[in-house]
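Listed below, chain by chain, are the residues.
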Amino acid sequence: MNEKMRELGCHRSAIRELFEYGKRRRAEIGDDKVFDFSIGNPSVPAPERVRKTLIRLLTETDPVALHGYTSAQGDPTVRTAIADYLNRAYDAGVDANLIYLTAGAAASLTISLTALLNPGDEVILLAPFFPEYRVFAERTGAKVVSVPADPGTFQPDFAVLAAAFTDRTRVVLVNSPNNPTGAVLTEASVKRLVALMEENRAKRKKPIWLISDEPYRELVWGDATVPYLTRYYADTLVCYSFSKSLSLPGERIGYVLVSPRADHAADVYAAICGAGRALGYVCAPSLFQYLIPDCLGLTSDLTIYRDNRALLSRGLRDCGFRVVEPDGAFYLFVESPEPDATAFAERAKSLELLLVPSDSFGCAGFVRISYCVPTDQIRRAMPAFRKLAESYGLKRA
Ligand code: PLP
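Bear in mind the structure is a predicted one, so any value in this text is a computation, not a measurement.

Caption draft 1: Molecular detail of the overall build of the protein. When helices and strands are counted, the protein shows 14 helices and 13 strands. If you line up the protein on its principal axes, its C-alpha atoms span 60 × 60 × 50 Å. Across the 397 residues in the protein, those meeting the buried criterion constitute 54%. Pairs at least 24 residues apart make up 75% of the contacts formed inside the protein by residues separated by at least 6 positions. The averaged location of the 47 negative side-chain charges in the protein is 2 Å from the averaged location of its 47 positive side-chain charges.

Caption draft 2: Summary view of the packing of helix H6 (residues 104-116) against helix H10 (residues 265-279). One can describe the packing of H6 onto H10 by two numbers: an axis separation of 8 Å at closest approach and a directional angle of 120 degrees. You can see that H6 and H10 cross each other, and the crossing is right-handed. For the pair H6 and H10, the contacting residues are Thr-110, Ile-111, Ser-112, Thr-114, Ala-115 and Leu-116 in the first and Val-268, Ala-271, Ile-272, Ala-275, Gly-276 and Leu-279 in the second. For the contact of H6 with H10, the class distribution of residues is 8 nonpolar, 4 polar and no charged.

Caption draft 3: Focus on the packing of aromatic side chains. Summed over all chains, the structure comprises 17 aromatic pairs. With a centroid separation of 5.6 Å and an interplanar angle of 80 degrees, the aromatic rings of Tyr-216 and Tyr-331 are classed as edge-to-face. Of this pair, Tyr-216 sits in the loop between strand S6 (209-213) and strand S7 (236-241) while Tyr-331 sits in strand S10 (residues 331-335); the two residues are 115 residues apart in sequence, bridging distant segments of the chain. On the basis of relative accessible area, Tyr-216 is assigned to the buried category, the value being 4%. Here Tyr-331 falls in the buried class, since its relative accessible area comes to 1%. Measuring from ring centre to ring centre gives 4.7 Å for Phe-333 and Phe-366, while their planes differ by 5 degrees; the resulting arrangement is stacked. One end of the pair, Phe-333, is in strand S10; the other, Phe-366, is in strand S13 (residues 366-370), with 33 residues separating them in the sequence. Neither Phe-333 nor Phe-366 differs from the other in exposure class; each is buried. Counting every residue linked through ring pairs, the aromatic cluster contains Tyr-216, Tyr-305, Phe-330 and Tyr-331. Between the NZ or CZ atom of Arg-217 and the centre of the ring of Tyr-90, over which it lies, the distance is 4.6 Å. Of note, Lys-349 hangs over the ring of Tyr-21, and the distance from its end group to the ring centre comes to 4.2 Å.

Caption draft 4: Up close: the nonpolar core. Counting residues in hydrophobic clusters, the biggest one holds 36 residues, and the most contacted among them are Phe-37, Tyr-305, Leu-312, Leu-316, Leu-353, Ile-369 and Phe-385. Elements with a contribution of two residues or more to this core: helix H12 (303-319), S10, helix H13 (341-350), S13 and helix H14 (375-391). At 7 residues, the largest contribution of residues to this core is made by H14. Looking at this core, you find at least three residues from each of domain 1 (3-47 + 300-391) and domain 2 (66-295).

Caption draft 5: Just the site of the ligand, in detail. Of all residues adjacent to the ligand, which total 15 residues, the nearest are Ala-105, Asp-213, Tyr-216, Ser-241 and Arg-252. A distance of 2.7 Å separates an oxygen atom of the ligand from a polar atom in the backbone of Ala-105. Within the side chain of Ser-241, a nitrogen or oxygen atom sits 2.6 Å from an oxygen atom of the ligand. The fraction of the free accessible surface of the ligand (390 Å²) that becomes covered by protein chains is 91%. The biggest single contributor to the shell around the ligand is H6, with 4 residues.

Caption draft 6: Quick look at the pattern of salt bridges. Taken as a whole, this structure holds 21 salt bridges when the rule is applied. When the shortest N-O distance is used, the salt bridge between Lys-23 and Glu-20 registers 3.6 Å. Residue Lys-23 and its partner Glu-20 are located together in helix H2 (residues 14-29), separated by 3 residues, close to a single helical turn. We classify Lys-23 as partly exposed; its relative accessible area is 39%. According to the relative accessible area criterion, Glu-20 is partly exposed, its value standing at 21%. For Lys-191, the salt bridge is made with Glu-187, and the minimal N-O distance between the two is 4.0 Å. Residue Lys-191 and its partner Glu-187 are located together in helix H9 (residues 187-204), separated by 4 residues, close to a single helical turn. Assessed through its relative accessible area of 38%, Glu-187 is described here as partly exposed. Connected through shared salt-bridge partners, Arg-25, Glu-28 and Glu-352 make up one network.

Caption draft 7: Region of the structure containing the sheet that holds strand S3 (residues 122-127). The 7 strands are arranged S2-S8-S7-S6-S5-S3-S4 in an open sheet whose pairing can be described as mixed. Two strands lie at the open edges of the sheet, namely strand S2 (99-102) and strand S4 (143-148), each paired on one side alone. Across this sheet, the average inter-strand angle for adjacent strands is 20 degrees, counted without regard to direction. Where strand S5 (residues 169-175) lies against S6, 5 bridges are found, and the strand directions are parallel. From the neighbouring strand, Asn-175 faces S6, where its bridge partner is Asp-213. Across the face of the sheet, helix H5 (residues 76-90) comes into contact with S2 and strand S8 (254-258) while running at roughly 115 degrees to S2. Its contacts with the sheet place H10 against S2, S6, S7 and S8, and it is angled at close to 20 degrees to S2.

Analysis parameters
- Residue indices follow the written sequence of each chain, beginning from 1 at its first position.
- At least 70 in pLDDT is required for a residue's local features to be given in this predicted model, at least 80 for side-chain atom pairs to be given and counted, and no such filter applies to totals for whole chains, interfaces and linings, which use all residues.
- For the side-chain quantities, the full set of heavy atoms in the structure was used; hydrogens and water were omitted.
- Helix numbering and strand numbering both begin at the N terminus, where a helix is a DSSP run of H or I of at least 4 residues and a strand a DSSP run of E of at least 2.
- Exposed residues in this analysis have more than 50% of their type's maximum accessible area, buried residues have under 20%, and partly exposed residues fall in between, with area computed by a 1.4 Å probe over protein chains only.
- Residues count as neighbours in contact if any of their non-hydrogen atoms are within 4.5 Å of one another.
- For this count, His and the chain ends are skipped, Lys and Arg are scored as positive, and Asp and Glu as negative.
- Charged groups are reduced to one reference atom each: NZ for lysine, CZ for arginine, CG for aspartic acid, CD for glutamic acid.
- Note on definitions: angles span 0 to 180 degrees between N-to-C directions of axes, and those axes are lines fitted to C-alpha atoms, for helices only across the stretch in contact.
- Left-handed describes a crossing in which the near helix is turned anticlockwise from the far one by less than a right angle; the clockwise case is right-handed.
- When residues are sorted by character, Ala, Val, Leu, Ile, Met, Phe, Trp, Tyr, Cys and Pro go into the nonpolar class, Asp, Glu, Lys and Arg into the charged class, and all the rest, Gly among them, into the polar class.
- Paired rings are identified among Phe, Tyr and Trp, the last through its six-membered ring, by centres lying within 6.5 Å, and are further divided according to the angle between planes into stacked (under 30 degrees), edge-to-face (over 60) and tilted (the rest).
- For a lysine, the NZ atom is tested; for an arginine, the CZ atom; a charge sits over a ring if that atom is within 6 Å of the ring centre and within 35 degrees of the ring normal.
- Working definition of a nonpolar core: buried Ala, Val, Leu, Ile, Met, Phe, Trp, Tyr and Cys residues. They are joined through side-chain atoms within 4.5 Å.
- An automatic or database domain assignment supplies the start and end points of every domain.
- Here, proximity means that at least one heavy atom of the residue falls within 4 Å of the molecule or strand.
- Each polar contact in these results corresponds to two N or O atoms within 3.5 Å; when the atoms are within protein, one needs to be able to donate a hydrogen and the other to accept it, and residues that are neighboring in sequence are counted only if both atoms are side-chain atoms.
- The accessible surface values rely on the Shrake-Rupley method and a 1.4 Å probe; as for residues, cover is taken only from the protein chains in view.
- Any carboxyl oxygen of Asp or Glu within 4 Å of a side-chain nitrogen of Lys or Arg constitutes a salt bridge here.
- For two strands to pair, DSSP has to find at least two bridges joining them.

Below you can see the structure in the form of structure tokens.
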């Protein structure tokens, strides 16, 4: 067998490990005694339109066609609807013929990285980052270059980033709104990043692609806006998923698109199709493909996340924790009161609080708290957070 794959199968990600622990622990001591903030599983139902459209599809469509194979890259009418929506909503300048429907952002990412990378190439990741990026990138034989973000704002640290480019840099992968910090890349950051990429591409006469992973695009709080990156950089691929915006993570539906402005866009798209084929990611789930045109631009009721965010950040600050105020996604990044975030998360675990230490996100000293949970869980968890803070001698701010 392939030893590397066996290794990956034996060691779940820190997030999944904790999530599985939470399930076991709940069975042992009861659902209401465990405060699981480990995983980004949406806690609000999909919009009513999702249910209605599914019922319509199931009752009014020829079942053979509905459940049959579509084109490998997805049904053309669905891809056209997505392109039209993106062009209307973001002036994205995208083309239906360069969209490939996938089983969620995870598939979009592994397809994109497989399509673009060769062994020895380098992928720049801005840390902290979603841990599976490393798995997807290293599988291709490429090397991950982790570049720490500014620890105050979690925007890129451009001095460090500038020094990370080499002749082997092929991809810069960004994620905004970010998992785990919630940070949204500002337009100023996007412009500086793009200028740096253009400069390196010209100097080294080698292509450098920008991959934008955006499953949290619609989950933005306050005034922040999420720039659409095809408008800023030609060699851009966008990986999108309906997992979070429509609360459909188990249905596995998303897409990857290649900007028509990319150099050799048709060849890059052919490589996307080839990677989809090689990885067995052809023909994304058909029922959920056909659902998409009716639900573009819709989201689940996001006000619950907004309320959770306010309740949790206020509560944690009151306990004396330092909380990074995020602009997006449904995660809070909280500074560990001791240098070892894993030890902090273990102490939290002894109080039945399941928090993910930041080390697996490529950054030391924080924990990630997923607040896509029932609001009541946050209220009930507060005494445990208070106890945790007191055990470190933290004082109310
Ligand atoms: N990218 C990021 C940043 C994520 O947080 C996740 C899931 O949590 C994914 C990709 C994978 O999303 P999907 O469920 O669409 O595969």
